[in-house]
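# Reading the structure
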Amino acid sequence: LTQGMEVESDGRKQGKKIVRKPYVVNEMEYEASLPEKKSNTLSRDLIDYVRYMIQNHGENYKASTGYEKNYYQDTPKQIKRKINVYKNFYPEEYKDFIASLKQEKMDVQ
């Protein structure tokens, strides 16, 4: 049992327990019944990392593994998966980012 719960045996039946603080048990049961919260954000570091890899290596995931910015030491598959997670979490931001990269290339030429 968890710390802070007082449980005693009443002496009559082996294993029968009296809970002295039922509100603790009720609170724990309530919290356990809540649906698990899903995080709908990515860390800023991960977003910056993914954007950097896209900007410098595009879809060449193999080239991005040997790069010094690959501080997670990801494999090509892991980099691709992180990029896909970014696309799914922030589809509008991803589209705008890709469009800005295409615009930069046009401006350079």
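See the structure shown above.
These remarks concern the structure in this document.

Cut-offs used in this document
- Residues numbered from 1 in each chain as written.
- Predicted model: local features only at pLDDT ≥ 70, side-chain atom pairs only at ≥ 80, totals over all residues.
- Heavy atoms only, no water.
- Salt bridge = Lys/Arg side-chain N within 4 Å of Asp/Glu carboxyl O.
- Helix = DSSP H or I, 4+ residues; strand = E, 2+ residues; numbered from the N terminus.
- Buried < 20%, exposed > 50% of the residue type's maximum accessible area, 1.4 Å probe, protein only.
- Core = buried A, V, L, I, M, F, W, Y, C linked by side-chain atoms within 4.5 Å.
- Contact = heavy atoms within 4.5 Å.
- Expected span 1.5 Å × (residues − 1).
- Arc of directions from axis to C-beta.
- Phe/Tyr/Trp six-rings, centres within 6.5 Å; stacked < 30°, edge-to-face > 60°.

This part takes up the pattern of salt bridges. Tallied over the entire structure, the rule returns four salt bridges. Ionic pairing is found between Glu93 and Arg51, a salt bridge with its closest N-O pair at 3.1 Å. Of the two residues, Glu93 sits in helix 5 (residues 91–108) while Arg51 sits in helix 2 (residues 44–57), which places them 42 residues apart along the sequence. For Glu93, a relative accessible area of 27% translates into the label partly exposed. Between Asp74 and Lys82 there is a salt bridge, with its nearest N and O atoms 2.8 Å apart. Comparing Asp74 with Lys82 shows no difference in burial state: the two are buried.

What follows concerns the nonpolar core. Membership of the largest hydrophobic core comes to 15 residues, with the highest contact counts inside it found for Leu42, Tyr49, Val50, Ile54, Ile83 and Tyr86. Of all the secondary-structure elements, those providing two or more residues to this core are helix 2, helix 4 (76–89) and helix 5. When residues of this core are assigned to their parent elements, the largest contribution, six residues, is made by helix 2. Leaving out residues up to four positions away in the same chain, Tyr86 has contacts with Leu42, Ile47, Val50, Arg51, Ile54, Glu93 and Tyr94.

Now for helix 2. For helix 2, which comprises 14 residues, the first-to-last C-alpha distance of 20 Å matches the rise-based estimate of 20 Å (1.5 Å per residue) to within 8%. Those residues of helix 2 not exposed but buried are Leu46, Ile47, Tyr49, Val50, Met53, Ile54 and His57. Around the axis of helix 2, the buried residues are gathered within 165° of arc, so they sit on the same side. Among the residues trailing helix 2, Gly58 stands out with phi positive, at a value near 55°.

Moving on, we get to helix 4. For helix 4, which comprises 14 residues, the first-to-last C-alpha distance of 20 Å matches the rise-based estimate of 20 Å (1.5 Å per residue) to within 8%. Inspection of helix 4 places Ile79, Lys82, Ile83 and Tyr86 among the buried residues, and these make up the whole buried set. Mapping the buried residues of helix 4 onto a view down its axis gives an arc of 100°, with all of them on the same face. What points out from helix 4, more than 90 degrees from its buried face, is the exposed set Lys77, Arg81 and Asn88.

This part is about the packing of aromatic side chains. Considering all chains together, one arrives at three aromatic pairs under this definition. For the ring pair Tyr86 and Tyr90, a centre distance of 6.0 Å and an interplane angle of 50° mean the geometry is tilted. Tyr86 sits in the buried class, given a relative accessible area of 0%. Centroid distance Tyr86 to Tyr94: 6.1 Å. Interplanar angle 80°. Geometry classified as edge-to-face.

Residue position: Asp74 is located in the loop between helix 3 (61–65) and helix 4. If we skip the residues at most four places from it in the chain, Asp74 touches Tyr49, Thr65, Ile79 and Lys82.

The values reported here are purely geometric and, on their own, carry no functional implication.
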